[in-house]
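Chain by chain, the residues:
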Amino acid sequence: VLRCLGIPTRVITNFNSAHDSNVNLSIDKYIDISGKTLHLNEDSVWNFHVWNESWFTRRDLGSFYDGWQVLDATPQEKSKGIYQCGPASIRAIKEGDVDLDYDSPFVFAAVNADCVTWIRHSKKRKERIYSNTRKIGKYISTKAVGTNSRVDVTANYKYPEVKEIPFKISYSQYKSSLLDDRKILVTAV
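Residues numbered from 1 in each chain as written. Predicted model: local features only at pLDDT ≥ 70, side-chain atom pairs only at ≥ 80, totals over all residues. Heavy atoms only, no water.

**Some thoughts on the side chain of D43**
No. 1: By secondary structure assignment, the location of D43 is in the loop between strand 3 (37–38) and strand 4 (44–56).
No. 2: K126 provides the closest opposite charge to the buried, salt-bridge-free D43, at an N-O distance of 9.6 Å.
No. 3: Engagement of the side chain of D43 in a polar contact is seen with the backbone nitrogen of S21, the distance being 2.9 Å.
No. 4: Leave out the neighbours within four places in its chain, and D43 touches H19, D20, S21, N22, N24, S26, I27 and D28. (Helix = DSSP H or I, 4+ residues; strand = E, 2+ residues; numbered from the N terminus. Buried < 20%, exposed > 50% of the residue type's maximum accessible area, 1.4 Å probe, protein only. Lys, Arg positive; Asp, Glu negative; His and termini not counted. Salt bridge = Lys/Arg side-chain N within 4 Å of Asp/Glu carboxyl O. Polar contact = N/O pair within 3.5 Å; in protein donor to acceptor, adjacent residues only side chain to side chain. Contact = heavy atoms within 4.5 Å.)

**As for the sheet that holds strand 2 (residues 26–31)**
No. 1: Taken together, the four strands give an open sheet; going across it, the order is 3-2-9-10, and neighbouring strands pair in mixed fashion. At either margin of the open sheet sits one strand with a lone partner, and together these are strand 3 and strand 10 (126–132).
No. 2: In the sheet, strand 2 pairs with strand 3 via two bridges, with the strands oriented antiparallel. Across the sheet, the residue bridging to Y30 is L38, located in strand 3. (Pairing = 2+ DSSP bridges.)

**Things to note about the packing of aromatic side chains**
No. 1: Throughout the structure, instances matching the rule amount to four aromatic pairs.
No. 2: Arranged with centres 5.3 Å apart and planes meeting at 90 degrees, the rings of W55 and W68 form a pair that is edge-to-face. Of the two residues, W55 is situated in strand 4 and W68 in strand 5 (residues 67–71); the sequence distance between them amounts to 13 residues.
No. 3: Ring geometry for F64 and Y65: centres 5.0 Å apart, planes at 90 degrees, overall edge-to-face.
No. 4: By relative accessible area, F64 is classed as partly exposed at 37%.
No. 5: Judged by its relative accessible area of 12%, Y65 falls in the buried class.
No. 6: Taking NZ or CZ as reference, R10 lies 4.1 Å from the ring centre of W68, over its face. (Phe/Tyr/Trp six-rings, centres within 6.5 Å; stacked < 30°, edge-to-face > 60°. Lys NZ or Arg CZ within 6 Å of the ring centre and 35° of its normal.)

**Things to note about the pairing of strand 5**
No. 1: Burial analysis of strand 5 places four of its five residues in the buried class, which makes it a mostly covered element.
No. 2: Pairing of strand 4 with strand 5 involves five bridges; the strand directions are antiparallel. Of the residues in strand 5, the one forming a bridge with S54 is Q69.
No. 3: Bridge count for strand 5 against strand 8 (residues 88–89) is two bridges, and the pairing is antiparallel. Within strand 8, the residue paired with Q69 across the bridge is S89.

Below, the structure written as structure tokens:
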């Protein structure tokens with residue numbers, strides 16, 4: 001419909017798409033102390049999800065947010081009382097501006113949520129035991145113009161993940177820094 005009105009529009013596919021039902025920007029999994037999964041929320045990760053992008057000028061948000069906007073015709077959560085999603089600025093998603101209207105936090109989580117596993121010790125106490133910051137939002141793609149080729153648009157939605165550099169450090173290099181009640185944090189640049 002938008003193309004018929006002369007508005008540039010394209011289909012986007014997001015692989016490992018997060019469905020953050022409580023909009024806390026993470027996909028939380030809870031287990032009990034025996035390792036049994038507890039179904040305490042509706043968060044999930046879908047193999048893929050598809051939405052549209054359309055090119056808009058954003059007078060309501062300011063020119064910084066002009067450009068491609070996410071519009072999801074198949075929203076699974078209500079937004080402002082009805083099933084709708086967008087138009088969320090791609091620029092806002094990439095910059096992490098999740099305080100904007102039009103479902104920016106939901107779309108941000110779809111492409112960039114952390115997957116976190118918690119042990120629930122009691123109703124008041126939980127402990128984070130695992131976090132994966134790289135799983136969500138892989139190979140965000142659209143179709144190339146004039147061919148059936150895939151165009152990777154992931155960089156439009158998020159900055160590249162920081163690469164971990166494996167290295168070894170000998171005990172003798174840091175043993176003088178150790179104290180009984182202190183942990184050491186070693187980072188590489």
